[in-house]
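Chain by chain, the residues:
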Amino acid sequence: MFLAIVNLTMEILTAIGLLFLGVLGNSWFWTSYTNRIYSLPIPSDRLDQYRIVHDIGMLTVPFALLFSLIRVSMTSHHEIAGIALPQQNENWLLAPWLLSGAGLIMLSSTLLKRILRSKPPGFSVDHREIVHTEQLLGQKSRGEGPYQKLLRVPGNQAFSPEFNEKTFTFDRLPAEFYGTKLLHISDVHFLGTIDRPFYELVFEKAQQWSPDLIVFTGDLLDRPEKIEWIDTTFGQLHAPLGCYYILGNHDWHLDCDPIRDRMADIGWQLCGEKAEFITKESGQIAIAGDERPWMGNAPQFNQVDERIFRMLLSHTPDNINWARQHQIDFMLSGHNHGGQIKLPLLGPVYSPSRYGVHYADGVFYEPPTTLHVSRGVSGKHPLRIGARPEISLLTLLRRAS
Ligand SMILES: [Fe+2]
């Protein structure tokens, strides 16, 4: 009797353990699927359809896993570790387990890559400040836009961005640019769910750093009428070496021409496919923009001497291999929002990249390119847990030889 109770307990615990692994693998499979789909230039209505496939898979497969466990335990005489295997005519019960197994393999690969990722040389985070905007504004800056329920999720950090200061070192930065303070802003997603005062405060605080150079790496608008916000946000920023920007996939879903016109009106320069030079005294660096795969073509650095420091603004970090092949020194990206949610041990979850969550945020050194991926200021879905919004001041120094 006692042994029977022990055996039954072991069987139940094993089944719970298998179910946990199955649900974990299934969840990772569908988030990986979504991440890769959203890295592609697909119209938003089609993306919504693919999203439904994600939702169905995420919600139904766990029930199939549970059903298969119950089914095999009731019908089979063959057992492994107390859990019965399906009979020959019930092999279909293995299908959800194969899918979950694929998810677990992908998850293991992701975690291994993260462990093996090398630390960028000459890089440091010097200062971090969490700005609780609701305290400074007297209330949470909620607007009338969609996804209001997300703002009420406990632990949502969408209203508390991190202002951080980081130092980078480079081999061929000209002497005139030593100590350049570069403000990197990305992914503001003007939609109306988070209201204008939040953004005006963020931009005001960013300008207090008195940056030398400012870049914005895309995803400006989610609603066309919010173009009116540009003047009191981006219009606040100015820097002696200029303000440069590119647009992102959310801008691509709208009409980009009015955005570009408005940004030109306030003195921001669109970083095009052809590299431009930024000059300081007798020193020069080159900068170009890359809005692929949604817009434009590969940037042209043909006219740039190979000794000149090269910067690239690319909305998605997925263009990293192109950057490496074209000797880009410093690539600045956004798009992945730090994964929106970071889980303990597992890390970032939703990152619309062909590389999944690998480039969700942070600094990467893949010679000769250093890549800075900003978590951005906001997102169409304003949910940030463990992936706090980010505004960065980057100081550029020369690497000691
Ligand atoms: Fe974005």
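Just above, that's the structure.
Residues numbered from 1 in each chain as written. Predicted model: local features only at pLDDT ≥ 70, side-chain atom pairs only at ≥ 80, totals over all residues. Heavy atoms only, no water.

Draft legend 1. Main features of the packing of aromatic side chains. Applying the stated criterion across every chain, the model contains 20 aromatic pairs. Centre to centre, the rings of Phe-168 and Phe-330 are 4.9 Å apart; their planes meet at 45°, and the pair counts as tilted. One end of the pair, Phe-168, is in strand E4 (residues 162-170); the other, Phe-330, is in strand E12 (residues 330-333), and 162 residues separate them in sequence. Accessibility assignment for this pair places Phe-168 and Phe-330 in one class, buried. Taking 6.1 Å as the distance between ring centres and 65° as the angle between the ring planes, the aromatic pair formed by Phe-190 and Phe-234 counts as edge-to-face. A residue pair is termed long-range when its members are at least 10 positions apart, and Phe-190 in the loop between strand E5 (180-185) and helix H6 (196-207) and Phe-234 in the loop between strand E6 (213-217) and strand E7 (243-246) qualify at 44 residues. Of the residues examined, Phe-234 reaches a relative accessible area of 0% and is grouped as buried. Three or more aromatic residues link up through ring pairs in this structure, and these residues are Phe-159, Phe-190, Phe-198, Tyr-199, Phe-203, Phe-216, Trp-229, Phe-234, Tyr-245 and Trp-268. The cationic tip of Arg-399 hangs over the ring face of Tyr-365; the distance from NZ or CZ to the ring centre is 5.3 Å. (Phe/Tyr/Trp six-rings, centres within 6.5 Å; stacked < 30°, edge-to-face > 60°. Helix = DSSP H or I, 4+ residues; strand = E, 2+ residues; numbered from the N terminus. Buried < 20%, exposed > 50% of the residue type's maximum accessible area, 1.4 Å probe, protein only. Lys NZ or Arg CZ within 6 Å of the ring centre and 35° of its normal.)

Draft legend 2. A look at the sheet that holds E6. As summarised here, the arrangement of the 7 strands in space is E3-E4-E17-E5-E6-E7-E8, forming an open sheet in which the pairing is mixed. Edge positions in the sheet fall to strand E3 (124-130) and strand E8 (269-270), since each has one partner strand and no second. As defined by bridge partners, E6 adjoins E7 across 4 bridges and the pair is classed as parallel. Paired with Ile-214 across the bridge in E7 is Cys-243. (Pairing = 2+ DSSP bridges.)

Draft legend 3. A look at the nonpolar core. In terms of nonpolar packing, the biggest core is built from 38 residues, with Ile-185, Val-188, Leu-220 and Phe-234 touching the most fellow members. For this core, the secondary structure elements donating two or more residues are E5, H6, E6, E7, helix H8 (256-265) and strand E17 (390-398). Ranked by the residues each element gives to this core, the list is headed by H6, at 5 residues. Ile-185 has contacts with Phe-203, Ala-206, Val-215, Phe-216, Thr-217, Leu-237, Val-377 and Ile-391, leaving out every residue within four places of it along the chain. Counting 23 residues, the second-largest nonpolar core is a separate cluster that includes Phe-170, Cys-271, Phe-309 and Phe-330. (Core = buried A, V, L, I, M, F, W, Y, C linked by side-chain atoms within 4.5 Å. Contact = heavy atoms within 4.5 Å.)

Draft legend 4. Focus on the coordination of the iron ion. Listed as protein donors to the iron ion are Asp-187 (OD), His-189 (NE2), Asp-219 (OD) and His-337 (NE2); their distances from the metal cover 2.0 to 2.3 Å. Taken together, the 4 donor atoms coordinating the iron ion and their angles of 87 to 174° define a geometry best described as irregular. One chain supplies every donor to the iron ion, and in sequence these donors are spaced D-x1-H-x29-D-x117-H. Of this pair, Asp-187 sits in the loop between E5 and H6 while His-337 sits in the loop between E12 and strand E13 (342-343); the two residues are 150 residues apart in sequence, bridging distant segments of the chain. (Donors = N, O, S within 2.8 Å, 3.2 Å for Na, K, Ca; no water. Tetrahedral: all angles 85-135°; square planar, octahedral: opposite > 155°, others 65-115°.)

Draft legend 5. Quick look at the packing of helix H1 (residues 2-37) against helix H3 (residues 95-116). At their nearest, the axes of H1 and H3 sit 7 Å apart, and the two run at 70° to each other. In terms of their interaxial angle, H1 and H3 are classed as roughly perpendicular. Counting all contacts with H1, which are made through Leu-18, Leu-19, Leu-21, Gly-22, Leu-24, Gly-25, Asn-26, Trp-28, Phe-29, Trp-30 and Ser-32, the residues of H3 involved are Trp-97, Leu-99, Ser-100, Ala-102, Gly-103, Leu-104, Met-106, Leu-107 and Thr-110. Of the residues belonging to the contact of H1 with H3, the class tally is 13 nonpolar, 7 polar and no charged. (Axes fitted to C-alpha atoms, helices over the stretch in contact; angles between N-to-C directions. Parallel < 35°, antiparallel > 145°, perpendicular 65-115°, else oblique. Nonpolar A, V, L, I, M, F, W, Y, C, P; charged D, E, K, R; others polar.)

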